[in-house]
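# Commentary on secondary and tertiary structure
As a plain string of letters, each chain reads:
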Amino acid sequence: MWRSIRRDRASATGMATAVTAHDIADLWQDAPPMEGEAVNQPLPVGTPAPDFALPDASGNVIRLSDHRGRPVVLVFYPLDWSPGCSQQLDLYQQEIDEFEARDAQVLGISVDSIYSHGAWAATRGLSIPLLSDFHPKGEVARRYHVWRDRDGFSERAIYVIDPQGHISYSHISPYLHHVPDIYELLDAVDAARADRPERLTA
């Protein structure tokens, strides 16, 4: 893809030009699609959410239990830089005010390294903490029943954890390229905040 960008620019301008951060941010548009049906079922609603300790892009260790007392949205996604993941995390970043208005903490989790997370977040302008489930690879994804062993990465999955630390909403996308509905997710966060009994599984 790098060679293709340089070649296209050279043919358009008559000279070679440098690749910009904007070019890197747009690489997902020409990346191979990520496809495949879901192969797992999520943990049941009402289950105590397994605690974890994972590093963010700065190397700081983040624990789920650090956020007890507020809703937490766990966003398991396959890989940094991929098309669906770029669209999904961009969407949540665009709607970050909606999550903050609900006092909800969004945490992205994938098997990428902290270095990949840092570069991807900087390129895309993401402020959402991205946690590295890198070593042991996929350990947290396995605890949450979203690990795709054949592929070496997780399902595209969402869990909403209520302020008491229980799963109040769970969703695994039926296909890897499917980005979950943002309004359904915000409704699930509202339900978790209100501690209503009608917890949801999608």
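The chain has the name Thioredoxin domain-containing protein in an unreviewed UniProt entry, where Mycolicibacterium elephantis DSM 44368 is given as its organism.

Along the chain, Gln93 falls in helix 3 (residues 83-94). On the basis of relative accessible area, Gln93 is assigned to the buried category, the value being 17%. At 2.7 Å, the side chain of Gln93 and the backbone nitrogen of Ser127 are in polar contact. Residues in contact with Gln93, not counting those within four places in the same chain, are Gly125, Leu126, Ser127 and Ile128.

With that settled, consider the nonpolar core. Among the nonpolar cores identified, the biggest contains 26 residues, and Phe52, Leu74, Phe76, Tyr144 and Tyr159 are the most heavily contacted of them. Those elements giving two or more residues to this core turn out to be strand 3 (72-76), strand 4 (105-110), helix 6 (139-143), strand 8 (157-161) and strand 9 (167-172). Beyond its immediate chain neighbours, meaning those up to four positions away, Tyr144 contacts Leu43, Ala49, Pro50, Phe52, Leu64, Leu74, Phe76 and Tyr159. Counting residues in each nonpolar core, the second largest holds 24 residues, with Ile96, Ile128, Val189 and Ala192 among its members.

On to the side chain of Ser173, then. Mapping Ser173 onto the fold places it in the loop between strand 9 and helix 7 (182-194). One polar contact links the side chain of Ser173 to the main-chain carbonyl oxygen of His178, over a distance of 2.9 Å. Apart from the residues lying within four places of it in its own chain, the contact partners of Ser173 are Ala38, Arg156, His178 and Pro180.

Its twelve residues place the ends of helix 3 17 Å apart at the C-alpha level, agreeing with the 16 Å of an ideal helix rising 1.5 Å per residue. Of all the twelve residues making up helix 3, nine are buried; the element is thus mostly covered by neighbouring parts of the structure. Among the residues making up helix 3, those that are buried are Pro83, Gly84, Cys85, Ser86, Gln88, Leu89, Asp90, Tyr92 and Gln93. Looking at the buried side of helix 3, the elements it contacts are strand 3, helix 4 (96-101), helix 5 (114-124), strand 5 (130-132), strand 8 and helix 7.

For the rest of this paragraph, the subject is the pairing of strand 9. When you tally the buried positions in strand 9, you get six out of six residues, the bulk of the element. Pairing of strand 8 with strand 9, which is carried by five bridges, proceeds in the antiparallel orientation. Its bridge partner being in strand 9, Ile161 is matched across the sheet by Ile167.

About the criteria used
- Residues numbered from 1 in each chain as written.
- Predicted model: local features only at pLDDT ≥ 70, side-chain atom pairs only at ≥ 80, totals over all residues.
- Heavy atoms only, no water.
- Helix = DSSP H or I, 4+ residues; strand = E, 2+ residues; numbered from the N terminus.
- Buried < 20%, exposed > 50% of the residue type's maximum accessible area, 1.4 Å probe, protein only.
- Polar contact = N/O pair within 3.5 Å; in protein donor to acceptor, adjacent residues only side chain to side chain.
- Contact = heavy atoms within 4.5 Å.
- Core = buried A, V, L, I, M, F, W, Y, C linked by side-chain atoms within 4.5 Å.
- Expected span 1.5 Å × (residues − 1).
- Pairing = 2+ DSSP bridges.

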